[in-house]
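Summary of the model geometry
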Amino acid sequence: MLRTFHKGGIHPPDTKLSAHQPIRDLPLPGSVAVLLSQHMGAPARAVVNKGDAVKTGQLIARGEGFLSSHVHSPVSGTVAKIEEVHDVSGYRRQAVYIDVLGDDWEDSIIRDGTLDKNIRSDGEEILKKIVDAGIVGLGGATFPTHVKLSVPRGKEATCIIINGVECEPYLTADHALMLEKGEEIMVGIQLLKKALHVNKAYLGIENNKQDAVEHMQRLACGFEGIEVCELQVKYPQGGEKQLVQAIIGREVPSGGLPIDVGVVVFNVGTAFAVYEALQKNKPLIERIVTVTGRHLKQPSNFRTRIGTPVSVLIDAAGGIPENTGKIISGGPMMGKALSNTEVPVVKGTSGILILPEEESARQTSQPCIRCARCLSVCPMGLEPYLLMPLSQQNLFDRLEYEHIMDCIECGSCSYICPACRPLLDYIRLGKSNVGKIIRSRKK
Amino acid sequence: MTATIVYTIISLSLLGAVAAIVLYIVAQRFRVYEDPRIDLVEAELPAANCGGCGYAGCRNLAETLVKSENFEGLFCPVGGNETMARIGAILGREADTQETRIAVLRCNGSCENSPRTSNFDGAHTCAIVSALYSGETGCQYGCHGFGDCVAVCSFDALHMDPDTGLPVVDEQKCTACGACVKTCPRNLFELRKKWKGDKKIYVSCMNEDKGGLARKNCSVACIGCNKCFKVCPHEAIVMRNNLAFIDSYKCKLCRKCAPECPTHAIIETGFPPRKIKADEKTVEDTIIN
Amino acid sequence: MSKLLTVSPSPHIGSDQSVQELMYGVILSLVPALLVTLYVFGIGALIVVALSVFSCILFEWGIQKYLMKSEIRIRDGSAAVTGLLLAFNLPSNLPWWMVVLGALFAIGIGKMTYGGLGNNPFNPALVGRVFLLISFPVQMTSWPLPVVSRMHYLDATTGATPLGLLKEAVRNGEAVPEVMKQIPDHMQLFLGQMGGSLGEISALALIIGFIWLLYKRIITWHIPVFMVGTIFVFTGILWWLNPVRNATPVFHILTGGVLLGAIYMATDLVTSPMTRAGMILYAAGIGLITVIIRVYGAYPEGVSFAILIMNAFVPLINKYIKPRRFGEEVKHG
């Protein structure tokens, strides 16, 4: 029996349409819009002005404060303007628009594709380079990586876990990266281990990616202290808390972080970005984006410069299908639906999913029949059937008592509900309201 | 047979008597003293428990009123000045008077004026739409039209207009309790001074975008052109973030601003129809006097 | 683009199991039992089933349309399930107007007064049955003889159920093993050769339905297994203590609607607890109360009452038996 997390979980159909597509370089777009806020935390402050010439990899915005991150120019050209652009939520946010002119890279960046296994830096230097390269968690939450690497006083990291689970249906970006850049990822893991002064790393991969499991297991033999764990397929195994439990059996306490049980979790994409930052001096300016959908001509994995409009990606994959009803940034379980295709790719964009009209509309919601399916699939052991009406009635005290803040918003409850009730919609609303109350209480 | 009936009556009566005695003793022993004036004050309050005063309910407000030295910060918007005066008489204190107010929706982004740019499909509440994204129209400040305000109104004073997709305030029923103001995630409601005959002049827009962008997303958006600001003789108009705001307490309803607005974002209601330009002066005079 | 994109909160996909499918799955799983009962009770069974299902749907439609003025939801199949289960709890020679009355009570009082599907605390079919049982005890306990009277409806020859015979015998002080000789043996009971309500007679058909329900993941095994288990253990102890006064545990399980109750009535999604632990407690409670009513109470049969009594405890069970939260044991802060 393969390892997995113990509580709840669902099995949505895989639909990994682009699973065996090689990573292709997306041609440079005519212009990019680089958002100043691509990470969790305070937006970065632009350090270039309109009309400035920039090189690929040049710092264009500085992350100020602890919870923030630098932003680099993904292309070379001139800064056209610093103005607002629609982000995934449809709200307008500040971005640096750059008109692309050639592809002139910063001189310090090593651009050959050779593997460099030789680790030269010590822990401090690794941390500093990660800050300089503007690396954030590439799994989707975009939490600045250097913050994760700074273990709070009184806590100790004993191992790291690398997330190669990719439990979201459709997405294959991490899968493709592991197949093509396996060794680089391994070096990246060694670097992360060194930065945290730990000796053990686990790489978790679900067994629907058998080729990746075997490939990484073979590579792991050449590296000390890396164990590849094959995991049973179950959503949401990519959730930090679920992954920690699946791999080392420790349970992150309610309201806590993985570091509370001595673990720090990184995505494989992050490990690769760390490798590039340290060994190749390359900041985070591109990432792998899966463009997929049942009716799309050519579901693909693209190496995409940050700031590229989503429409360019869709065109490269064969153009937008006639019957498109919904375009999602991310996977179908936790991704955000876009209202507009001019949204730029950000550091956290793992995929673009195109759903046809018939799959876009929600089913009509029916009365709850108390079948308890939501309760049995909830990976956090909550009671969604109860939380939804409590949230509708604004009973915040009760919601807090029922531990709504433990919810990881994985969407398993809404997925499974036979009455198609919008459980997560209301739970998310209740969670944000209760969160506000808790924060105001702390002040 | 008779004996059974007699015994039943006697035993039941005894049981009743014992229970009554126990209840009486308990009631005496655990009685909580309450100021009798609380009941009197509560009787004066409208009993809507709307929370418009900031307290959990009418009883709660009554308790606070009785305890308070002066009525500072305590006001029942639903009952208004009359109710407060009567309560003042009961408690022997002077009650503040406040202007009567009314809720006004500051958005005119109807289906016609503000074209849809996406379709929302999810739980139909404004709060969820707001948390998710910028909304069905290009305007990220305007009304979602899912009617959270209608649901929260205790006085049946708000209704959705199916043609415009916007809520409409019923001026007869609105008590200015402020529930809609608190609920609207876009903060589109304002409590404005209520004039006789429900005359109103207000900027029906909350869009802070620059003129061109605002106009692109909504044909009746305030574009921050300053024209109304310049024409106002009473300094009632404030410009902030590309948006004009008419202070309802400074405004004298002179109607000079409305015709200036190039996008018709300034709405005036309750006035007699405008006469030809030459007569405008007289119309204003009659209103002011 | 000409068409507008749809935007909705995540998740953007859903499982394909719907309420309709659950309800129709239940109906499908009742087909074997229905076939058996049609074979055994014939025309009477057909009339009662058709009438009950039809009137339940009709009453639900009427109440939703004219009283609640809400959306018509008869297509979700819940009224049909209630009608079928109500019919399965009635004798096949029940006058037609009693069936209709029972359906009215089940849907009207048992379900719609609480606000319709999902809000009823008690199993509607059982509410209808118990109402009829208390109002018309004679008609509700005169059971047509199996097989022989299958061409008759109201004029069917009646006889007692095995449990009725047992109760009578125990009351008269007869020894149980003696009575058992007049009762069909366990194999016959298992296949459905006995007098009783429409649906309770064939254990085999019900178990086939149970396996189907498990296969389609409509119910979980916890409630049926623990309810039958409790009855088995409890009656087993009594039988072991005094075999002369008590029937065997297998006899208890095969008669009087224990299986029908365990598989279809107690597992009703709406009126059963949410957590596994709660389900087990609830099922054990039903088993216990059933045996107490059967052995010590006035009625020969107690499953309906036991389920209704435990239904009343479900909100309490849901309140106090919570699922174990992820990360709750570890202290933090």
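Residues numbered from 1 in each chain as written. Chains lettered and ligands numbered in written order. Predicted model: local features only at pLDDT ≥ 70, side-chain atom pairs only at ≥ 80, totals over all residues. Heavy atoms only, no water.

1. Let's talk about the overall build of chain C
The helix and strand inventory of chain C stands at 16 helices and 3 strands. Computed over C-alpha atoms, the radius of gyration of chain C comes to 21 Å, within 12% of the 20 Å expected from 2.2 N^0.38 for 333 residues, which places it in the range of a compact globule. Taken over the C-alpha atoms alone, chain C extends approximately 80 × 55 × 30 Å along its principal axes. Split into buried and exposed, the 333 residues of chain C put 55% on the buried side. Put simply, 74% of the contacts in chain C that link residues at least 6 apart link residues at least 24 apart. Counting every atom, chain C has about 14,300 Å² of accessible surface; 69% of that belongs to carbon and sulfur. Counting 21 positive and 15 negative side-chain charges, chain C places the averaged centre of each group 8 Å from the other. (Helix = DSSP H or I, 4+ residues; strand = E, 2+ residues; numbered from the N terminus. Rg over C-alpha atoms; globule rule 2.2 N^0.38 Å. Buried < 20%, exposed > 50% of the residue type's maximum accessible area, 1.4 Å probe, protein only. Contact = heavy atoms within 4.5 Å. Areas by Shrake-Rupley, 256 points an atom, 1.4 Å probe, with all protein chains shown as cover. Lys, Arg positive; Asp, Glu negative; His and termini not counted. Charge placed at Lys NZ, Arg CZ, Asp CG, Glu CD.)

2. Observations concerning the sheet that holds strand S5 (residues 59-62) of chain A
Through backbone hydrogen bonds, the strands of a sheet pair up, either in parallel or in antiparallel fashion. All names here are of chain A. Across the sheet, 3 strands lie side by side as S3-S5-S6; this open sheet has antiparallel pairing. Looking at strand neighbours, the two that pair on one side only are strand S3 (45-46) and strand S6 (71-72), the edges of this open sheet. Where S5 lies against S6, 2 bridges are found, and the strand directions are antiparallel. Opposite Ala-61, over in S6, you have Val-71 as the bridge partner. (Pairing = 2+ DSSP bridges.)

3. Looking at the pattern of salt bridges
Residue and element names in this part refer to chain B. In total, this model carries 46 salt bridges over all chains according to the counting rule given. Across the salt bridge formed by Arg-192 and Glu-190, the nearest N and O atoms sit 2.8 Å from each other. Of the two residues, Arg-192 and Glu-190, neither departs from the other in class, the shared state being buried. (Salt bridge = Lys/Arg side-chain N within 4 Å of Asp/Glu carboxyl O.)

4. Let's talk about the interface of chain A and chain C
Counting from both sides, the interface comprises 64 residues of chain A and, opposite them, 39 residues of chain C. Regarding the contact of chain A and chain C, the summed buried area is about 4,300 Å², with carbon and sulfur atoms giving 57% of it. Three residues stand out in chain A for area buried against chain C, namely Glu251(A), Ile369(A) and Arg370(A), and they jointly supply 15% of the buried area on that side. A salt bridge links Arg325(C) to Asp406(A); its shortest N-O distance comes to 2.9 Å. For the pair chain A and chain C, the number of links is 24 residue pairs in polar contact (both at pLDDT 80 or more). Secondary-structure elements contributing two or more residues to the side of chain A that touches chain C are helix H6 (240-248), strand S15 (324-329), strand S16 (336-338), helix H9 (357-360), helix H10 (373-377), helix H11 (384-392), helix H13 (412-416) and helix H14 (423-442) of chain A. (Buried area = accessible area lost by both parts, 1.4 Å probe. Polar contact = N/O pair within 3.5 Å; in protein donor to acceptor, adjacent residues only side chain to side chain.)

5. Here we look at the interface of chain C and chain B
At the junction of the two partners, chain C supplies 6 residues and chain B supplies 10 residues. With both chains or domains summed, chain C and chain B bury close to 660 Å², and 68% of this area falls on carbon and sulfur atoms. The largest share of the area that chain C buries against chain B comes from Leu4(C), Val7(C) and Pro9(C), three residues that together contribute 72% of it. Where chain C packs against chain B, one counts 0 salt bridges. Linking chain C with chain B are 4 residue pairs in polar contact (both at pLDDT 80 or more).

6. Structural notes on the domain arrangement of chain A
All names here are of chain A. As far as domains go, chain A holds domain 1 (123-279) and domain 2 (373-442). Centre-to-centre, using C-alpha coordinates, domain 1 lies 28 Å away from domain 2. The partner domain 2 presents 6 residues to the 6 residues of domain 1 that form the contact. Of the roughly 470 Å² buried where domain 1 meets domain 2, counting both sides, 51% is carbon and sulfur surface. Summed over the three residues of domain 1 that lose the most area to domain 2, namely Tyr-235, Pro-236 and Gln-242, the buried surface amounts to 64% of that side. Run the count over domain 1 and domain 2 and you get 0 salt bridges. Scanning the region where domain 1 abuts domain 2 turns up 2 residue pairs in polar contact (both at pLDDT 80 or more). (Domains from an automatic or database assignment.)

7. Remarks on the packing of helix H15 (residues 276-296) of chain C against helix H16 (residues 303-320) of chain C
All names here are of chain C. At their nearest, the axes of H15 and H16 sit 8 Å apart, and the two run at 150° to each other. The chirality of how H15 crosses H16 is right-handed. Only Val-303, Phe-305, Ala-306, Ile-307, Ile-309, Met-310, Asn-311, Val-314 and Ile-317 of H16 make contact with H15, whose side of the interface consists of Gly-278, Leu-281, Tyr-282, Gly-285, Ile-286, Ile-289, Thr-290, Ile-293 and Arg-294. Across the contact of H15 with H16, the residue classes tally to 13 nonpolar, 4 polar and 1 charged. (Axes fitted to C-alpha atoms, helices over the stretch in contact; angles between N-to-C directions. Left-handed = near helix turned anticlockwise from the far one by under 90°. Nonpolar A, V, L, I, M, F, W, Y, C, P; charged D, E, K, R; others polar.)

8. Some points on the packing of aromatic side chains
The geometry of an aromatic ring pair is captured by the separation of the ring centres together with the interplanar angle, meaning the angle of the planes. Applying the stated criterion across every chain, the model contains 9 aromatic pairs over all chains. Judged by centre distance (6.3 Å) and plane angle (20°), the rings of Phe120(B) and Tyr133(B) are stacked. Separated by 13 residues along the polypeptide, Phe120(B) in strand S2 (residues 118-120) and Tyr133(B) in the loop between helix H5 (126-132) and helix H6 (148-152) bring together distant segments of the chain. The pair formed by Phe120(B) and Tyr133(B) is uniform in burial state, with each residue classed as buried. Measuring from ring centre to ring centre gives 5.1 Å for Tyr299(C) and Phe305(C), while their planes differ by 35°; the resulting arrangement is tilted. (Phe/Tyr/Trp six-rings, centres within 6.5 Å; stacked < 30°, edge-to-face > 60°.)

9. Here's the deal with the side chain of Glu168(A)
All names here are of chain A. Relative to the elements of secondary structure, Glu-168 occurs in the loop between strand S9 (159-163) and helix H3 (173-180). For Glu-168, which is buried and forms no salt bridge, the nearest opposite charge comes from Lys-16, at a distance of 7.8 Å. Other than its neighbours up to four places away in sequence, Glu-168 contacts Lys-16, Tyr-235, Gly-331, Pro-332, Met-333, Met-334 and Gly-335.

10. With respect to helix H8 (residues 162-171) of chain C
Residues and elements named next belong to chain C. Taken together, the buried positions of H8 are Pro-162, Leu-163, Leu-166, Lys-167 and Ala-169. Within H8, the buried residues cover an arc of 165° as seen down the axis, which keeps them to one side. Residues of H8 that are buried in the fold lie against helix H9 (176-180), helix H10 (186-191), helix H13 (249-254) and H15. Directly after H8, the chain includes Gly-173, whose backbone phi takes a positive value near 80°. (Arc of directions from axis to C-beta.)

11. What to know about the nonpolar core
Membership of the largest hydrophobic core comes to 154 residues, with the highest contact counts inside it found for Tyr264(C) and Tyr282(C). When residues no more than four places from it in sequence are discounted, the contact partners of Tyr264(C) are Val26(C), Ser29(C), Leu30(C), Leu85(C), Leu206(C), Gly209(C), Phe210(C), Leu213(C) and Leu259(C). (Core = buried A, V, L, I, M, F, W, Y, C linked by side-chain atoms within 4.5 Å.)

12. Quick word on the pairing of S9(A)
Residues and elements named next belong to chain A. Burial analysis of S9 places 5 of its 5 residues in the buried class, the great majority of the element. Going residue by residue along S9, you find Cys-159, Ile-161 and Asn-163 tucked away on one face and Ile-160 and Ile-162 tucked away on the opposite face as well. Sheet analysis places S9 next to strand S12 (residues 263-267), joined by 5 bridges and oriented parallel. In the sheet register, Ile-160 faces S12, and the bridge partner there is Val-264. Across 4 bridges, S9 lies against strand S10 (residues 201-206) in parallel orientation. Of the residues in S10, the one forming a bridge with Ile-160 is Ala-201.

13. Examining the domain arrangement of chain C
Residue and element names in this part refer to chain C. By the assigned domains, chain C splits into domain 1 (19-139) and domain 2 (159-320). Placing a centre on the C-alpha atoms of domain 1 and another on those of domain 2 gives a separation of 21 Å. Domain 1 puts 38 residues into the contact, and the matching count from domain 2 is 32 residues. Summing both sides of the interface, domain 1 and domain 2 together bury roughly 2,700 Å²; the carbon and sulfur share of this comes to 74%. Linking domain 1 to domain 2 there are 1 salt bridge. Taking the shortest distance from any N to any O, the salt bridge between Glu-301 and Arg-129 comes out at 3.6 Å. Between domain 1 and domain 2 we count 10 residue pairs in polar contact (both at pLDDT 80 or more) in total. Elements with a contribution of two residues or more to the side of domain 1 that touches domain 2: helix H1 (19-29), helix H2 (31-41), helix H3 (43-67), helix H4 (78-88) and helix H6 (124-135). Here the side of domain 1 that touches domain 2 takes 8 residues from H6, the largest share from any one element.

14. A few points about the sheet that holds strand S7 (residues 77-86) of chain A
Residues and elements named next belong to chain A. Taken in spatial order, the 4 strands make up an open sheet running S2-S8-S7-S4, and their pairing is antiparallel. In the strand order of this sheet, the two ends are held by strand S2 (31-35) and strand S4 (53-54), each with one partner. Across 9 bridges, S7 lies against strand S8 (residues 92-100) in antiparallel orientation. Residue pairing for S8: Glu-84 is matched across the bridge by Gln-94.

15. Some words on the pairing of strand S3 (residues 158-161) of chain B
Residues and elements named next belong to chain B. The pairing of S3 with strand S4 (residues 166-169) spans 4 bridges and is antiparallel. Bridge pairing links Asp-161 to Leu-166 in S4. Turn length for the S3-S4 hairpin, with the two strands adjacent in sequence and antiparallel, is 4 residues, and the turn residue Gly-165 shows positive phi of about 75°.

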